[in-house]
Amino acid sequence: AQVSPTGVPFEAADGDRDPRAQAGDTVTSPNGVRIPDTDHALKAGRRGPTLLEDFHLREKVSHFDHERIPERAVHARGAGAHGVFTANGSAASITRAPVLAEEGLQTPVFVRFSTVLGSRGSADTARDTRGFATKFYTKEGTWDLVGNNMPVFFVQEAIKFPDLIHAAKPSPDREIPQAQSAHDSFWDFVSLHTEATHHVLWNMSDRGIPRSYRMMEGFGVHSFRMVNQARETVLVQFKWTPKLGVHSLTWEEAQLAMGTDPDFHRRDLADAIEAGAFPEWELGVQVFPDTEDQMFEGIDLLDPTKIVPEEMVPVQTIGTLVLNANPTNYFSETEQVAFNTGHVVPGIEFTNDPLLQGRNFSYQDTQLTRLGGPNWTQLPINRPHAPVNDDHRDGFMQQGVPTGQAPYSPNTVDDGSPQPAGWDEGGYVVVPRKVEGEVVREVASSFDDHFSQPAMFWASLSDVEKTHTVEAYTFELGKVYEQAIKERVLVVLATVDTELASLVAGGLGLPAPEGTPVEHLPASPALAQVRGESFPLD
Ligand code: HEM
């Protein structure tokens, strides 16, 4: 038994425990407090802001943030480039942020593309979501738009993010993605949390294996609030559209590239920039009225698993991004760059999307471990291109040598004490908004529909894309050992579309869920591999 410094033995409820093992049969906090609900954050109102008093949310997400040193906890594998963003001025009516509003204004940027799940040395062409993170070094401070190449996310709340990543990362025993537990746990998780269905369908479609970072769309995913000079607000969703169009690899090409050139995407980006073929994107926004309920035509704008179809609200272009310089040093730039959704500038504000609210905590928190303390904005790649006078002092890796005697503002001790900035001085003055509601660990019922949008996405695919998607499900589910998990996924798929479910069931050699007509896929290399048959590559 463990003994305290005063000699008193600790009595664990379940007796002596191996400190390496988890004990007991209920979910607990790190202090052993039993937790009634580990899926929802404490919020002021079902759709209200997340409360700081939620120690379980903070400890759970914070603990996750510190798990891996020093590679990124997610998105460890990446490639970056410098560039310039030029606003076309059309956003002036909706935001006072010059980076977006001032016609012709050029802002330097650094962009990092990434896969999510692989480690730093993993292959580029794995089937995965891709990160598309942009740091805008504006004169008003740094703005980070930390997006993905898919417009929706797996989970609706940040409190589930550690669980999602634990389920999807390589297996804890062998650290092999293809090991039994990793495939079983991923499909277990996404079939138990059916809000993931939409994102998983995007992953299984050709979007999961982009041909090039230069040929990917990017999405901010959440709704953000924009504020104009007249303090009027709208909600927006951001989208990057590549000038080269959207292209994917076939699954066979992706497999071959993984073996022959695991740096396929990295090399492609660096080579193109070096050759002067600078990749370009248009930045666009879908604009929605900032109504009290923050709904649009029945779609909850706070639910990050939903899109608003572009047929309903077209994307309006507000500027252009050109990537025109490779990093000089991978570590100093691509590795040390640190994004944070909490980095916004006047004219761009948050919404109550519970995933966004949690991210705003998580990125700052994770950098404390990854980049060795609170001074990571002093690293060259992260340094703002605006004057910094923050009264912060000391800490690990402090690189500044501040002068003066009074690190607080305002003060009358030092000459030239920094002054607060109001709206007219370009201060980050939040537009007041009303918050009310009961403190609950729940979401609104408008988050409940997990299947209509995946069904819409499936219906939008061409026959070739559908075949690829079915092959992807069949291949990935073919790696799952537990039959009950495969069957549960098939039930989820049948809820999306019976044809999809029966094709995947046929590929797996399993009966389709009851009431689903059985169809069979034509022979294909992916299916042949699932069945252990050899197939010619030509
Ligand atoms: C990293 C996107 C949700 C935690 C990243 C990166 C991207 C990204 C692009 C890589 C940044 C880089 O290149 O350095 C997204 C998107 C999300 C999402 C689009 C949902 C819409 C979350 C959530 C959490 C989270 C909910 C936690 C609660 C992290 C962490 C990193 C990361 C810890 C590593 C950051 C670093 O070490 O620099 N995310 N993410 N993300 N994300 Fe997210």
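Quantities reported herein were computed from a predicted structural model and do not represent experimental measurements.

## Overview of the overall build of the chain
Secondary structure assignment for the chain yields 14 helices and 14 strands. The C-alpha radius of gyration computed for the chain amounts to 24 Å, which stays within 12% of the reference 24 Å derived for 538 residues, consistent with globular compactness. Projected onto the principal axes, the alpha-carbon positions of the chain cover approximately 80 × 70 × 45 Å. In the chain, the proportion of contacts linking residues at least 24 apart, taken out of those at least 6 apart, comes to 69%.

## Comments concerning the nonpolar core
The biggest cluster of nonpolar side chains holds 59 residues, and the ones touching the most others in it are Leu490, Leu493, Ala501 and Val504. It is helix α12 (residues 483-496) that contributes the most residues to this core, 7 residues altogether. Residues within four places of Val504 in sequence aside, it is in contact with Val470, Tyr473, Thr474, Leu477, Leu490 and Leu493. Counting residues in each nonpolar core, the second largest holds 49 residues, with Ala101, Val109, Val236 and Leu301 among its members.

## Remarks on unusual backbone geometry
A cis amide bond links Ser409 with the next residue in sequence, Pro410, at an omega value of -10°. Locating Pro410 in the fold gives a position in the loop between α9 (354-370) and β14 (439-440). Here the phi dihedral of Arg231 falls at roughly 65°; this positive angle occurs in a residue that is not glycine. Within the secondary structure layout, Arg231 lies in the loop between β7 (224-227) and β8 (233-242).

## Side note on the environment of Asp263
For Asp263, the location among the structural elements is in the loop between α6 (251-260) and α7 (264-274). Owing to 16 C-beta atoms within 10 Å, Asp263 belongs among the partly exposed residues under this scheme. Note: C-alpha distance between Asp263 and Val227 (36 residues apart in sequence) is 41 Å.

## Overview of the pairing of strand β9 (residues 280-289)
Pairing of β8 with β9, which is carried by 9 bridges, proceeds in the antiparallel orientation. Residue Val236 lies in a different strand from β9, and its bridge partner there is Val287. In this sheet, strand β12 (residues 316-325) lies alongside β9 in antiparallel orientation, the contact comprising 6 bridges. Looking at β12, one finds that Leu283 is bridged to Gly319.

## Details of the environment of Thr142
Relative to the assigned elements, Thr142 resides in strand β5 (residues 141-148). Each C-alpha atom, one on Thr142 and one on Val109, is 9.6 Å from the other, the two residues being 33 residues apart in sequence. Beyond its immediate chain neighbours, meaning those up to four positions away, Thr142 contacts Lys135, Phe136, Tyr137, His343 and Pro384.

## What to know about the site of the ligand
Around the ligand, the structure places 29 residues, and the nearest of them are Arg72, His75, Arg112, Gly131 and Ser362. Within the residue set of the shell around the ligand, elements represented by two or more residues are α1 (55-65), β3 (106-115), β4 (130-138), β5 and α9. Top element by residues in the shell around the ligand is α9. It accounts for 7 residues.

## Some points on the UniProt feature "binding site: heme" (unreviewed entry) in the chain
Those places that UniProt annotates as "binding site: heme" (unreviewed entry) correspond, in this numbering, to Arg72, Arg112, Phe161, Arg359, Tyr363 and Arg370. Take Arg72: it is sitting in the loop between α1 and β2 (78-87). The class for Arg72 is buried, based on 21 C-beta atoms found within 10 Å. When you line up the elements, Tyr363 lands in helix α9. Leave out the neighbours within four places in its chain, and Tyr363 touches Phe339, Asn340, Thr341 and Gly342.

## Some words on the packing of α1 against α9
Contact geometry of α1 with α9 gives a least axis separation of 8 Å together with a crossing angle of 40°. When the axes of α1 and α9 are compared, the pair comes out oblique. Crossing of α1 against α9: the hand is right-handed. Residues Val61, Ser62 and Asp65 of α1 pack against Gly358, Phe361, Ser362, Asp365, Thr366 and Thr369 of α9. Across the contact of α1 with α9, the residue classes tally to 2 nonpolar, 5 polar and 2 charged.

## Quick look at the pairing of β7
Residues Phe224 and Met226 point to one face of β7 and Arg225 and Val227 to the other, with burial holding for every one of them. Pairing of β7 with β8 involves 4 bridges; the strand directions are antiparallel. Bridge pairing links Arg225 to Leu235 in β8. The hairpin formed by β7 and β8 contains 5 residues between the paired strands, and Arg231 there has a positive phi angle of roughly 65°. Of the pairings in the sheet, the one linking β7 to strand β13 (residues 348-349) comprises 2 bridges and is antiparallel in character. Paired with Met226 across the strands is Ile348, a residue of β13.

## Focus on the environment of Asp497
Note on placement: Asp497 falls in the loop between α12 and α13 (498-508). It is 9.5 Å that separates the C-alpha atoms of Asp497 and Met456, two residues lying 41 residues apart in sequence. Sequence-distant contacts of Asp497, that is, excluding residues within four places in its chain, are made with Ala455 and Trp458.

## Remarks on α7
For α7, every residue scored as buried is listed here: Phe264, His265, Asp268, Leu269 and Ile273. The arc that holds the buried residues of α7, viewed along the axis, is 155°, so those residues lie on one side. Projecting away from the buried face of α7 at angles above 90 degrees are the exposed residues Asp271 and Glu274. In the core, the buried residues of α7 are packed alongside β2, α6 and β12. Just beyond α7, the residue with positive phi is Gly276, at close to 85°.

## Remarks on the packing of α12 against α13
The interhelical angle for the contact between α12 and α13, taken along N-to-C directions, is 150°, at an axis separation of 6 Å. By the criterion of interaxial angle, the relationship of α12 to α13 is roughly antiparallel. Taking contact as the criterion, the partners of Lys486, Leu490, Leu493, Ala494 and Val496 in α12 are, on α13, Thr498, Leu500, Ala501, Val504, Ala505 and Leu508. A per-class count over the contact of α12 with α13 returns 9 nonpolar, 1 polar and 1 charged.

## What about the confidence of the model for the chain?
Residues shown with low pLDDT carry predicted positions that ought not to be read at fine detail. Confidence in the prediction for the chain averages 91 pLDDT; 90% of positions are at 70 or higher. For residues 530-538, every residue scores under 50 in pLDDT, and the model assigns this stretch 9 contacts once sequence neighbours within four places are set aside. Listed scores for the predicted complex are pTM 0.89 and ipTM 0.94.

Definitions and cut-offs
Residues numbered from 1 in each chain as written. Predicted model: local features only at pLDDT ≥ 70, side-chain atom pairs only at ≥ 80, totals over all residues. Helix = DSSP H or I, 4+ residues; strand = E, 2+ residues; numbered from the N terminus. Rg over C-alpha atoms; globule rule 2.2 N^0.38 Å. Contact = placed C-beta atoms within 7 Å. Core = buried A, V, L, I, M, F, W, Y, C linked by C-beta atoms within 7 Å. Buried ≥ 20, exposed ≤ 12 C-beta atoms within 10 Å, placed from the backbone. Pairing = 2+ DSSP bridges. Near = placed C-beta within 6 Å. UniProt positions renumbered as here; feature names shortened; annotations may be inferred. Axes fitted to C-alpha atoms, helices over the stretch in contact; angles between N-to-C directions. Parallel < 35°, antiparallel > 145°, perpendicular 65-115°, else oblique. Left-handed = near helix turned anticlockwise from the far one by under 90°. Nonpolar A, V, L, I, M, F, W, Y, C, P; charged D, E, K, R; others polar. Arc of directions from axis to C-beta. pLDDT = per-residue confidence, 0-100.

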